[in-house]
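Coordinate inspection notes
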Amino acid sequence: MQESHLKPVAAEMPDLESILIAQKQAYLADPAPDHATRIRRLDKLHNALLDNRARIIAAVSQDFSNRAEAETELAEIMPLLDGIAYYRKRLRGLMKPQRRHAPLTLMPARIEVQYQPVGVVGIVVPWNFPIFLALSPLVGALAAGNRAMLKASEFAPASGDLLREIIAEIYSADEVTVVTGGVEVASEFTKLPFDHLVFTGSTQVGKIVMKAAAENLTPVTLELGGKSPVIIHPDFPIAEAASRIAFGKGINAGQVCVSPDYILCPRDQVNAFCSDFADTMRGAYPSLRDNGDFTAIITDRQKTRLDGYLKDATDKGAELITINPQAEDLGNTRKMPMTLVLGATDDMLVLREEIFGPILPVIPYDTIEEAIAYVNARPRPLALYYFDWDKKRADDVLARTHSGGACVNDTMSHVMADDIPFGGIGPSGMGHYHGKEGFRNFSKAKGVVRKGRINATAFVAPPWDNFMFNALRKMQALRFRRRRIGPGS
Ligand code: NAD
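Around the ligand sit 28 residues, and of these Val 125, Glu 154, Ser 202, Leu 224 and Glu 354 come closest. One of the side-chain nitrogen or oxygen atoms of Ser 202 is found 2.7 Å away from an oxygen atom of the ligand. In the model, an oxygen atom of the ligand is placed 2.5 Å from a nitrogen or oxygen of the Glu 354 side chain. Relative to its free-state accessible area of 850 Å², the ligand is covered by the protein chains to the extent of 91%. Sorting the residues of the shell around the ligand by element identifies helix H7 (183-190), strand S6 (196-200) and helix H8 (203-216) as the ones contributing at least two each. Class assignment of the residues belonging to the shell around the ligand gives a composition of 16 nonpolar, 8 polar and 4 charged. The two domains that each donate at least three residues to the shell around the ligand are domain 1 (3-224 + 433-444) and domain 2 (229-423).

Attention now goes to the pattern of salt bridges. Pairing of side chains with opposite charge becomes possible as their charged atoms draw close. Per the stated rule, a full pass over the model turns up 27 salt bridges. Between Asp 161 and Arg 164 there is a salt bridge; the shortest N-O distance is 3.6 Å. Of the two residues, Asp 161 and Arg 164 both sit in helix H6 (residues 157-170), 3 residues apart, roughly one turn of that helix. Asp 161 gets classed as partly exposed once you look at its relative accessible area, which sits at 37%. Overlapping salt bridges, with partners in common, bring together Asp 235, Asp 388, Asp 390 and Arg 393 in one network.

A word on H7. When we look at burial in H7, the residues that qualify are Val 185, Ala 186, Glu 188, Phe 189 and Thr 190. On its buried face, H7 sits against helix H1 (16-29), strand S3 (120-124), strand S4 (147-151), strand S5 (176-179), S6 and H8.

Judged by pairing direction, the sheet is mixed, and its 6 strands sit side by side in the order S5-S4-S3-S6-S7-S15 without closing on themselves. Either end of the sheet is taken by a strand with one partner, and the two such strands are S5 and strand S15 (429-430). As paired elements, S3 and S6 share 4 bridges and run parallel to each other. In the sheet register, Ile 123 faces S6, and the bridge partner there is Val 198. Packed on one face of the sheet, H1 meets S3, S4 and S5 and runs near 160 degrees to S4.

Turning our attention to the domain arrangement of the protein chain. In many analyses, interface size is given as the accessible surface area lost on bringing the parts together. Per the domain assignment, the segments of the protein chain are domain 1 (3-224 + 433-444) and domain 2 (229-423). The C-alpha centroid of domain 2 is placed 30 Å from the C-alpha centroid of domain 1. Counting residues at the interface gives 23 residues for domain 1 and 32 residues for domain 2. Counting each side, the surface lost to burial between domain 1 and domain 2 is near 2300 Å², with a carbon and sulfur contribution of 56%. Three residues stand out in domain 1 for area buried against domain 2, namely Asn 66, Glu 71 and Trp 127, and they jointly supply 24% of the buried area on that side. At the surface where domain 1 touches domain 2, the tally comes to 0 salt bridges. Looking at the side of domain 1 that touches domain 2 element by element, the count peaks at 6 residues for helix H4 (residues 69-95).

This paragraph deals with the nonpolar core. Judged by nonpolar contacts, the single largest core of 94 residues is most densely connected at Leu 135, Leu 138, Ile 232, Ile 245, Val 258, Phe 273 and Phe 277. Looking at which domains feed residues into this core, each of domain 1 (3-224 + 433-444) and domain 2 (229-423) supplies at least three. Core analysis: the next-biggest nonpolar cluster, separate from the first, contains 29 residues, Tyr 262, Val 341, Ile 359 and Ile 372 among them.

Turning our attention to the sheet that holds strand S10 (residues 319-323). Taken in spatial order, the 7 strands make up an open sheet running S10-S11-S12-S9-S8-S13-S14, and their pairing is mixed. Since the sheet does not close on itself, it has two edges, and those belong to S10 and strand S14 (405-408), each with one partner. Along the sheet, successive strands turn relative to each other by an average axial angle of 20 degrees, direction set aside. For strand S11 (residues 338-342) and strand S12 (residues 359-365), the ladder comprises 4 bridges, and the chain directions are parallel. Residue pairing for S12: Thr 339 is matched across the bridge by Ile 359. Most of the contacts of helix H10 (residues 270-284) go to S11, to which it runs at about 175 degrees, and overall it touches strand S8 (228-232), strand S9 (260-266), S10, S11 and S12.

This part is about the side chain of Asp 261. One can find Asp 261 in strand S9. Residue classification places Asp 261 among the buried positions, given a relative accessible area of 2%. Within the structure, Asp 261 has its side chain in polar contact with the side chain of Lys 227 (distance 2.5 Å). Within the local environment of Asp 261, its side chain forms a polar contact with the backbone nitrogen of Ile 355, the two atoms lying 2.9 Å apart. In contact with Asp 261, other than residues within four places in its own chain, are Gly 226, Lys 227, Ser 228, Val 350, Glu 353, Glu 354, Ile 355, Phe 356, Ile 359, Leu 360 and Pro 361.

Rules used throughout
Residues numbered from 1 in each chain as written. Predicted model: local features only at pLDDT ≥ 70, side-chain atom pairs only at ≥ 80, totals over all residues. Heavy atoms only, no water. Near = heavy atom within 4 Å. Polar contact = N/O pair within 3.5 Å; in protein donor to acceptor, adjacent residues only side chain to side chain. Areas by Shrake-Rupley, 256 points an atom, 1.4 Å probe, with all protein chains shown as cover. Helix = DSSP H or I, 4+ residues; strand = E, 2+ residues; numbered from the N terminus. Nonpolar A, V, L, I, M, F, W, Y, C, P; charged D, E, K, R; others polar. Domains from an automatic or database assignment. Salt bridge = Lys/Arg side-chain N within 4 Å of Asp/Glu carboxyl O. Buried < 20%, exposed > 50% of the residue type's maximum accessible area, 1.4 Å probe, protein only. Contact = heavy atoms within 4.5 Å. Pairing = 2+ DSSP bridges. Axes fitted to C-alpha atoms, helices over the stretch in contact; angles between N-to-C directions. Buried area = accessible area lost by both parts, 1.4 Å probe. Core = buried A, V, L, I, M, F, W, Y, C linked by side-chain atoms within 4.5 Å.

Listed below in structure tokens is the structure:
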């Protein structure tokens, strides 16, 4: 282990270095866990999720001061169970070395790719889905045969403590460990020489984490944020779009990395969209204050940030549509009504910053070209949502825009699809988890050339002016030089 960067730790600081050393040693003692071992590790997590379902729901709700029980089931527990089931079913196939093509110059040989565990994976967790975003990368890391250290979010302390307790019950400390603590712990954690580091959080902190990892040349997966746009085609029924978008935006009160951040709406349908969106929201959440289905904002700091966005928007001339069906006073709660913003301009925080809460600017556009250009003129988002029944047009929009993932005629559901990679692009992140891409993300794809008893090299070896090498040269000339390809051939 490289030690130069490991600073002395404060009294309350967990002994991160010792945990990592123990995990690395345990990994070296069992560097290639077999299929049964990996399945056993995944099964333990599956059982722990079932056994602790109620405790997880309670802990997450405590952190938010109210998180809808259904949201914790739907967005934390269910996708984890599905993700585990996915790898249970496919792990044997994923672990198998893959046969690859052997060039003439290497024959006879067997060429393959072996997917080898990298060792110890570090996982840094944000607060918004404090269980799912800790354990979903862990599932991929364990399936790939690794050990892992997790750093829970300081802003979801009840979930972090529960996570630490559950993980300590089912795994030895040298297999998987959860540490808790604030920014100082996070900062030391990301300086450790992991074999891979997964960071889920803001783009701003992502840059700091990548710099810290660069000191060790630790490969990173960055799951970051950004402003995920929605584009509604003029032909798509606006009430249907509003209802589907309201479902996604309502989840976790918009505190989701892939939450619809702003709507690009055909100009003549903006009013209809706002009215249909508000109707759906009122139907889903007829009251806010004591409604357990309506999730609160995680901290006062986040609420102040979001209130600031609204104030900034109104100060600069935007119109707000606040959806508070009973006109309740939410004063001493951290609940915040869903608010549509009309007339937003580029100098407003709602269009400059990731919203990450129950605020939704609706921006009119005149042509689809204009909507595409709007998206392409901004940093590449984590997700893009396009509403259109016309598949050809939808494919065209997907091909002409970049985003980490996308949904057509829906929002956010791509996160729940186990068999596709999840991750951002550029400022919204790099690397993936979920699916076979996730397995490979946490594996070293080692290219191996395997030679047998017949050593063809002996026949072509120097002195070079020999029959076999000349024959090889002629064969290559026949294959390539006389068949120039492409323009000018
Ligand atoms: P954050 O960046 O403030 O914190 C995330 C984690 O980083 C926390 O565990 C924190 O302790 C740690 N951290 C903070 N400062 C650090 C430092 N200097 N060095 C190392 N680690 C540090 O993010 P957050 O507020 O917890 O989460 C919200 C952000 O996360 C949003 O931008 C959202 O889009 C993004 N997010 C992305 C995904 C995704 O999958 N792409 C998922 C959820 C959230």
